[in-house]
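Working through the structure, step by step
The residues making up each chain are set out below.
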Amino acid sequence: MSTYTKSVLKIVFLIQLFSMNSSGQERDCLVCTFPLTPESLKPGQADACEDLYAAACVSANGKYKYQDIIKKEQAKIKKPVVDARNKAAQQMGYKDFNDALKSKLKAAGLTIKSSPDKEAWERLVNPDNFLSINGDADKIYETAQQCGKEKSELNAIPSYLLTEPAELKNIVHRYQTFQTKYKELSIKYNAQDIPNFVDQFGWRCKNLKTAGSSLPKSKDDPRLVQECANIPQLKRQETELFREEGSEGYQRKAEQFIRSHIVMDTSLGSVSLQTPVKSPPKSEVESLRDKIKLLDESITDTCNSYDSIVTNAGKKVTSDLKKEIARSRVTVESLIDSAYSPERQKLAAGIAQSAKNDIQDLVGSLVKDPKKRGDILEGYGDLKISWMQKPEASSYTKDSNGVEVLNEETAGKNLNGSARTAFFDPELSFFTSINAFYNPAGSTGKEKTDEQVTMQPAILSILDENPYAFLGAIAHESGHKIDPYISYINGYDLSGECEGLLNCYRDSKSIKLGIGQSGETMADYYSSEVLAREIQKLPQEQRKQALMSSMEIFCLSDVDINMSPFNEVHPETSLRIGGIYGANPSIRNVLGCKNDSSKFKTCGLNVSILDAPMVNPPTKDSGATAAKGAK
Amino acid sequence: MIKLISVAVLLLSFRTFAEPSTPDLLLDISFEKNHMHHRYSIKEVFDKGSTYVLSFTDERQKTQSMKISEDQARSIKNRATRIIWENLYRKPASSTNCLVYVTLKTDSEQTKICKDNAVLVGESYGFLNALRGAFR
Ligand SMILES: [Zn+2]
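Residues numbered from 1 in each chain as written. Chains lettered and ligands numbered in written order. Predicted model: local features only at pLDDT ≥ 70, side-chain atom pairs only at ≥ 80, totals over all residues. Heavy atoms only, no water.

This next bit is on the overall build of chain A. When helices and strands are tallied, chain A shows 28 helices and 7 strands. Per-residue burial over chain A gives 52% buried out of 631 residues. Within chain A, contacts between residues separated by at least 24 positions form 70% of all contacts whose residues are at least 6 apart in sequence. (Helix = DSSP H or I, 4+ residues; strand = E, 2+ residues; numbered from the N terminus. Buried < 20%, exposed > 50% of the residue type's maximum accessible area, 1.4 Å probe, protein only. Contact = heavy atoms within 4.5 Å.)

Here it is, written out as structure tokens:
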């Protein structure tokens, strides 16, 4: 859908909303004052009462509704990090982050080509997919491209046409000069990252052994075998060098270490060529031609090895710069300003309060034991949403480049919550993963942590345009407080109260709940109850769209890979949406669904919500866990 | 697409396990948070030359695997090595009251990153995040 159409839809909706408000139907519903998403207004593949997933996430033509906007959403989520890095780079005296990186690479001897491959450069700066990281050296760096060029020139020499030994010797010399040049450069780049060098060397030693045998292969270079045997003795020197990294004189020492102790990859070293043992004596010209043939084959490996050394060196420089920038005061403050504004805080707190009120309402009818019920209701009063604060000026120190950065030594003590660690991740992924979590009260090391809900910045950014989705997410996280596992940790075991409903979800006509999914499923269920309570405050004709809007994060996560590492294992998205949210009797009542879905069994607790019209009366076989309908 | 690859790799590694040579464990990362246990590993499997398999086991003990290239295996292992070295050789790991955030192990070294080490917890978080991203 075009931006234009979207804008028109937004305007149309705002007009509708306005008329709704003026007619007095809206009752104390914070999210109800916001427009619905354009995607929720697109016709879906099914009706929300039949299959909420197919209605909310899939278009009538079978395409994902959010497919077209996923790139834009990803860019929007990453923008604060991109902006913060540019700002920090500017403060360091560069034009922007790219300019800073180019300059740092150049200082490390890695000059960028005049027009580097755009995609390869992007993969270096913002590695989207962790695994698409290699083979880019000649697309980015002059030196790697040069290796390929020189190799091709050597390969093109028609040495088989030459008959003069002097000419052939001259060619051998050219090959050897080529190899020496790239050997020297390799030493320089390897020296910049000793742990990597040691790792790669270990890899070569590992390859000496044939599978299942500790004996070296007969063709193994005996010097390499010897050096591999010496590895344990070199460790002390390596770690000393590692500690000195970045200091004056380090580079020279590291190069010297590599030169004196380690056998370079033969493809990078001067090849000592042995004449095959059994061949008949050859003329000088023949011998020289043989030698050239071998050299000609080996230089392909020279550039391949060199490419990976250059790639690694480039990644090291990039990672070092990202580390410095991530912890710089400019980045820290810029990211906190953009994600944690006072306006957002007010809105988030208001929506969190709605979710808590609704869960408390639900707990009123779910928990019969008065002591437990009292504890939970009181506990919800204290549940906070974490809000990152700017570290105090004393948390920073100047690094060796004069940049004001978070002080490593005191970070553990001075910084709180997610800020303690988020800025020490060079990728700043805390700010770009679409994730949220609930933490029960506990202790991390020496520090006590409060019970709290954390909505990461990517989810906070959704708040601005789609607070319905934010409501669903914060209700899910707040619901974890009373899921069957965490309720036990919190001192009021609700596993008994949840069991009937979980049994309903285990049914083959429901989501076929798997082992370990109960906590997540109950959190989704509580979230669906919250949504039912808020959405029913809208006029009937807008409720389906509002519910579909609230599913945006789920729909996006179905098309997007940029989710979080710690996202607990949930049932599949289509089951979560269709089988938990869409099959909740409170939701179905609020939407005005006439019958049960043919796709998912209706599953919900026997709870009532005020004012929802009863459209789905209980059936005889629905048992304790199926819908009893609202009053 | 990723799912298809995983299935293919699982079948492949299964077949290889049945053969006499055992795969070498090159990298093993173990992470626990809120009673959830995640594990990542890289194994070198010998089957007409070496192949590398990156696996992820979630808290339900469900394992997903994918074949990766030698370059990718080296690059992932190197990122782990750097964190291990920073923990072992730059600042001695705090030995008292270490609440473990993540355990990193390669074929030659291993270390535990303690939760009170804010810097390395942050770096490991980014690393884990990237590894997790490979399985989506
Ligand atoms: Zn959850």
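Okay, back to it.
Counting secondary structure elements, chain B contains 3 helices and 6 strands. Helices (α) and strands (β) of chain B occur, in sequence order from the N terminus, as α-β-β-β-β-α-β-β-α. Among the 136 residues that make up chain B, the fraction classed as buried is 54%. Put simply, of all contacts in chain B between residues at least 6 apart along the chain, 45% involve residues at least 24 apart. Just so you have it, chain B exposes about 6200 Å², and 56% of that area is on carbon and sulfur atoms. (Areas by Shrake-Rupley, 256 points an atom, 1.4 Å probe, with all protein chains shown as cover.)

Tallying each qualifying case throughout the model produces 7 disulfides over all chains. Each sulfur in the disulfide pair A:Cys504 and A:Cys603 lies 2.0 Å from the other. Its S-S torsion of approximately -80° makes the covalent link between A:Cys504 and A:Cys603 left-handed. Of this pair, A:Cys504 sits in helix 23 (residues 495-506) while A:Cys603 sits in the segment after helix 28 (585-591), and the two are 99 residues apart along the sequence. Its relative accessible area of 0% is what places A:Cys603 among the buried residues. Paired through a disulfide, B:Cys98 and B:Cys114 show a sulfur-sulfur distance of 2.1 Å. What sets the handedness of the B:Cys98 and B:Cys114 disulfide is the S-S torsion sign, and at about -110° it is left-handed. Remark: B:Cys114 occurs in strand 6 (residues 110-114) and B:Cys98 occurs in the loop between helix 2 (70-90) and strand 5 (100-106); sequence separation between them is 16 residues. (Disulfide = S-S within 2.5 Å.)

Another aspect to go through is the interface of chain A and chain B. Where interface size is given, it is often the accessible area lost as the parts come together that is meant. At the interface, 59 residues of chain A touch 54 residues of chain B. Taken together, both faces of the contact between chain A and chain B bury some 4900 Å²; the carbon and sulfur share is 57%. Our enumeration of links across chain A and chain B arrives at 7 salt bridges. Residues B:Lys77 and A:Asp199 are paired through a salt bridge, measuring 3.3 Å at the closest nitrogen-oxygen approach. Among the secondary structure elements, those contributing two or more residues to the side of chain A that touches chain B are helix 10 (194-206), helix 12 (231-244), helix 14 (284-326), helix 18 (408-414), helix 19 (419-422), strand 4 (436-439) and strand 5 (442-444) of chain A. Counting residues per element, the side of chain A that touches chain B draws most heavily on helix 10 of chain A, which supplies 8 residues. Taken together, the residues of the side of chain A that touches chain B sort by class into 22 nonpolar, 19 polar and 18 charged. (Buried area = accessible area lost by both parts, 1.4 Å probe. Salt bridge = Lys/Arg side-chain N within 4 Å of Asp/Glu carboxyl O. Nonpolar A, V, L, I, M, F, W, Y, C, P; charged D, E, K, R; others polar.)

A few words now on the packing of aromatic side chains. Tallied over the entire structure, the rule returns 15 aromatic pairs over all chains. An aromatic cluster is built from A:Phe178, A:Tyr182, A:Tyr189 and A:Tyr306, whose rings are joined through pairwise contacts. The ring of A:Phe242 has B:Arg90 lying over it, and the distance from NZ or CZ to the ring centre is 3.9 Å. (Phe/Tyr/Trp six-rings, centres within 6.5 Å; stacked < 30°, edge-to-face > 60°. Lys NZ or Arg CZ within 6 Å of the ring centre and 35° of its normal.)

What follows concerns the pattern of salt bridges. All names here are of chain A. Throughout the structure, instances matching the rule amount to 43 salt bridges over all chains. Of the charged contacts in the structure, one is a salt bridge between Glu427 and Arg85, with a shortest N-O distance of 3.9 Å. Here Glu427, found in the loop between helix 19 and strand 4, pairs with Arg85, found in helix 4 (residues 70-91); they are 342 residues apart in sequence, far enough to count as distant. Where Asp507 meets Lys601, a salt bridge forms, and the shortest distance between an N and an O atom there is 3.1 Å.

If you walk across this open sheet you meet the 3 strands as 1-7-4 (chain A), and the pairing is mixed. If you trace the sheet from one side to the other, it starts and ends with strand 1 (384-385) and strand 4 of chain A, each paired once. (Pairing = 2+ DSSP bridges.)

So, about the domain arrangement of chain A. Residue and element names in this part refer to chain A. Per the domain assignment, the segments of chain A are domain 1 (3-71 + 329-630) and domain 2 (93-326). Tallying the contact residues gives 11 residues for domain 1 and 8 residues for domain 2. Interface area for domain 1 against domain 2, summed over the two sides, is near 700 Å², with a carbon-plus-sulfur share of 48%. Among the residues of domain 1 in contact with domain 2, Thr331, Pro426 and Glu427 are the three that bury the most area, contributing 54% of the side total. (Domains from an automatic or database assignment.)

Residues and elements named next belong to chain B. Burial analysis of strand 2 (residues 36-46) places 8 of its 11 residues in the buried class, the great majority of the element. Alignment of strand 2 against strand 3 (residues 50-57), held across 8 bridges, turns out to be antiparallel. By the bridge assignment, Ile42 is partnered in strand 3 with Leu54.

Of note, A:Leu428 is a non-glycine position whose phi angle comes to about 55°, a positive value. When you line up the elements, A:Leu428 lands in the loop between helix 19 and strand 4.

What follows deals with helix 4 of chain A. Residue and element names in this part refer to chain A. In this model, helix 4 (22 residues) spans 32 Å end to end at C-alpha, consistent with the 32 Å of a helix rising 1.5 Å per residue. At Lys78, helix 4 is deflected by roughly 40°, the largest bend along its length, and proline Pro80 occurs up to four residues later in sequence. Those residues of helix 4 that fall on the buried side of the exposure criterion are Ile70, Glu73, Gln74, Ile77, Val81, Ala84, Arg85, Ala88 and Ala89. Just beyond helix 4, the residue with positive phi is Gly93, at close to 100°. (Expected span 1.5 Å × (residues − 1). Bend = angle between axes of the 7 residues up to and from the residue.)

Where a strand is regular, its side chains alternate between the two sheet faces. Residues and elements named next belong to chain B. Buried residues dominate strand 3, accounting for 7 of its 8 residues. Linking strand 2 to strand 3, which pair antiparallel, is a turn of 3 residues; within it Lys48 sits at a positive phi near 50°. When strand 3 meets strand 4 (residues 63-68), the two strands line up antiparallel, connected through 6 bridges. If you follow Leu54 over to strand 4, its bridge partner there is Met66. Between the end of strand 3 and the start of strand 4, which pair antiparallel, lie 5 residues, with Gln61 showing a positive phi angle near 65°.

This paragraph deals with the side chain of A:Glu255. All names here are of chain A. With respect to the helices, strands and loops of the structure, Glu255 is situated in helix 13 (residues 250-261). Only 2.8 Å separates the side chain of Glu255 from the side chain of Gln251, close enough to count as a polar contact. When residues no more than four places from it in sequence are discounted, the contact partners of Glu255 are Ile187, Lys188 and Ala191. (Polar contact = N/O pair within 3.5 Å; in protein donor to acceptor, adjacent residues only side chain to side chain.)

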